[in-house]
Amino acid sequence: MASVIKIYALFLGSALLMFGGGLQGLLLSVRGAEEGFSLLALGLIGTGWSVGFVTGSITVPLVVRNVGHIRAFSVMAAIGTVTILLNLLLVNDISWILLRALSGFCFAGAAMIVESWLNEVAENKSRGTIFSVYTTINMTASTAGQIAMSITGTAGYVPFIVGAISFICAVLPTALTSSPQPRPLASAKLDLGLLIRTSPVAAVAAFCCGMANGSFGTLAPVYGYEQGLNAGGIAFLFAIAAIAGAAGQIPFGRLSDRIDRRWVMVGLGGGAALTGAVIFVLNPGAGWLMYVLFAIYGLTANPLYAIAVAHANDFAREGEFARVAGGMLLILGVGLAIGPTLASLLMGGISPVALFLVTAVFHAVITGFAYWRMSQRKSLDAADRAPFQPMGSDKQVTLESIELDPRADGDAPEMGHAEAPVPDELMTQNEDGRDVQNSTV
């Protein structure tokens, strides 16, 4: 019973964290546009978040080792709250870029500590269920934070105060916990060679998803603002895309369990690229067509990263999932950092709708590369693949999220990995069409 209470308390802390993060992320893009910030400055605000988030993922474990989990979490929550309030006091683009980077740093650290505690109290037999519930709660809370902007609006101080309250209240479940200190946090280990040998498709998809989703997440609210939507309209526009993406993870993920996951990536990437191209060509105004297109975009674009992670896990050796997924996470972070700045330059040089030219190009790259790779490497049989696991927003996944994922347990019986799959760079096909290992590289 005590363990159940601790788990639900941590769920609550994570939900408050994600609620504040969802509200703040959408608020700054729209309020920045209202304040007359340039498109480049708005793009750099998104870049600042990603740089801070990746930096936090790498350095916060060192902080925790020195001062402990509770003190480190309290510091992250306090600084994160202060940055939200400073956004209200220092309304200029340079300050917001720097504060957004600091906010990303603190958010990554706070999320990792909550997940570390959750990982400590989760039993192996229930880890899959806990991970699924945790993911669902996070996506729901983040979407609720975005919808909250339709109530708070963007003017004045209210939305900033609501975000700050949510962020500082997230500290309560861990500050009041009676459980022992969890194990040290996971440290980032970027093994590009291992990742590329394991799954080139996953590496390319991680970067392209980062470029597309980083651009969309930061600048789509600005596009909505330029099209004449008010705060409520923009909030619901984003919520529709998020809900459609969350709803699509399970059916598309289960489909990828039965067929070659790359076919699913081809279909989703092609659908997202086509949707982006349609928005770019039509440039719909505020109305039902824009909402429909954003829903289709979310449905096709949002599940891509989770399926790419599942594909990489199919070919990872036993015990390598955390290293492979951690490498994907850092490559994703690079894309999330570069994407908003690149898109903002194109939006300024062409028009705001050029955002979707960027997303269409990178989703098309995923589609083309996944299709080509199917001719280079056979898919594993369904029986030899671990089941798909839904994941939260790729902008909020940390190294501790990976440790909590049941696929990170190399001794789990349900993993179902094929024994020591040989990298496809070392494979050729014999006359019967079967893969055989080359004697030389």
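Figured I'd write up the structure that's included with this text. As the structure is a computational prediction, the values presented were derived from the model and not from experiment.

**Comments concerning the packing of aromatic side chains**
Per the stated rule, a full pass over the model turns up 16 aromatic pairs. Relative to Trp96, the ring of Phe37 lies with its centre 5.2 Å away and its plane at 80 degrees, an arrangement referred to as edge-to-face. Placement of the pair is Phe37 in the loop between α1 (2-34) and α2 (39-67) and Trp96 in helix α4 (residues 93-121), with a sequence separation of 59 residues. The two residues Phe37 and Trp96 agree in class, both being buried. When the centroid spacing of 6.2 Å and the interplanar angle of 70 degrees are considered together, the rings of Phe216 and Phe356 count as edge-to-face. With Phe216 in helix α9 (residues 200-226) and Phe356 in helix α15 (residues 355-373), this residue pair connects regions lying 140 residues apart in the sequence. Its relative accessible area of 9% is what places Phe216 among the buried residues. Taking relative accessible area as the criterion, Phe356 reaches 0% and is therefore assigned buried. What links up through ring pairs into an aromatic cluster is the set Phe216, Tyr223, Phe238, Phe294, Tyr297 and Phe356. Across the ring face of Phe315, the terminal group of Arg377 is positioned such that the distance to the ring centre comes to 3.9 Å.

**Re the pattern of salt bridges**
In total, this model carries five salt bridges according to the counting rule given. With a closest N to O distance of 3.6 Å, Arg254 and Asp257 form a salt bridge. You can see Arg254 and its partner Asp257 sitting in helix α10 (residues 231-258), three residues apart, about one turn around the helix. A relative accessible area of 17% means that Asp257 is categorised as buried. Between Asp314 and Arg261 there is a salt bridge; the shortest N-O distance is 2.6 Å. Of the two residues, Asp314 is situated in helix α13 (residues 304-315) and Arg261 in helix α11 (residues 261-282); the sequence distance between them amounts to 53 residues. One network of salt bridges, in which partners are shared, links Arg254, Asp257, Arg261 and Asp314.

**As for the packing of α9 against helix α12 (residues 288-301)**
Interhelical geometry of α9 versus α12 gives an angle of 165 degrees and a closest axis separation of 13 Å. The orientation of α9 relative to α12 falls into the category roughly antiparallel. Crossing geometry of α9 relative to α12 is assigned as left-handed. On α12, the residues touching Ala212, Asn213, Phe216, Ala220 and Tyr223 of α9 are Met290, Phe294 and Tyr297. Its residues placed into classes, the contact of α9 with α12 shows seven nonpolar, one polar and no charged.

**Examining empty space enclosed by the protein**
Following the criterion strictly, the structure yields two cavities of 30 Å³ or more and no others. Approximately 80 Å³ is the volume found for the largest cavity. Around the largest cavity sit ten residues that line it, and Phe53, Val54, Leu329, Gly333 and Val397 are the ones nearest its centre. Of all the elements in the fold, those that place two or more residues in the lining of the largest cavity are α2 and α14 (321-349). Classifying every residue of the lining of the largest cavity gives six nonpolar, three polar and one charged.

Cut-offs used in this document
Residues numbered from 1 in each chain as written. Predicted model: local features only at pLDDT ≥ 70, side-chain atom pairs only at ≥ 80, totals over all residues. Heavy atoms only, no water. Phe/Tyr/Trp six-rings, centres within 6.5 Å; stacked < 30°, edge-to-face > 60°. Helix = DSSP H or I, 4+ residues; strand = E, 2+ residues; numbered from the N terminus. Buried < 20%, exposed > 50% of the residue type's maximum accessible area, 1.4 Å probe, protein only. Lys NZ or Arg CZ within 6 Å of the ring centre and 35° of its normal. Salt bridge = Lys/Arg side-chain N within 4 Å of Asp/Glu carboxyl O. Axes fitted to C-alpha atoms, helices over the stretch in contact; angles between N-to-C directions. Parallel < 35°, antiparallel > 145°, perpendicular 65-115°, else oblique. Left-handed = near helix turned anticlockwise from the far one by under 90°. Contact = heavy atoms within 4.5 Å. Nonpolar A, V, L, I, M, F, W, Y, C, P; charged D, E, K, R; others polar. 1 Å grid on protein atoms, 1.4 Å probe; cavity = no way out; pocket = protein on both sides within 12 Å on 5 of 7 lines; lining within 4 Å. Points joined across faces, edges and corners; volume = space filled by probe spheres on them.

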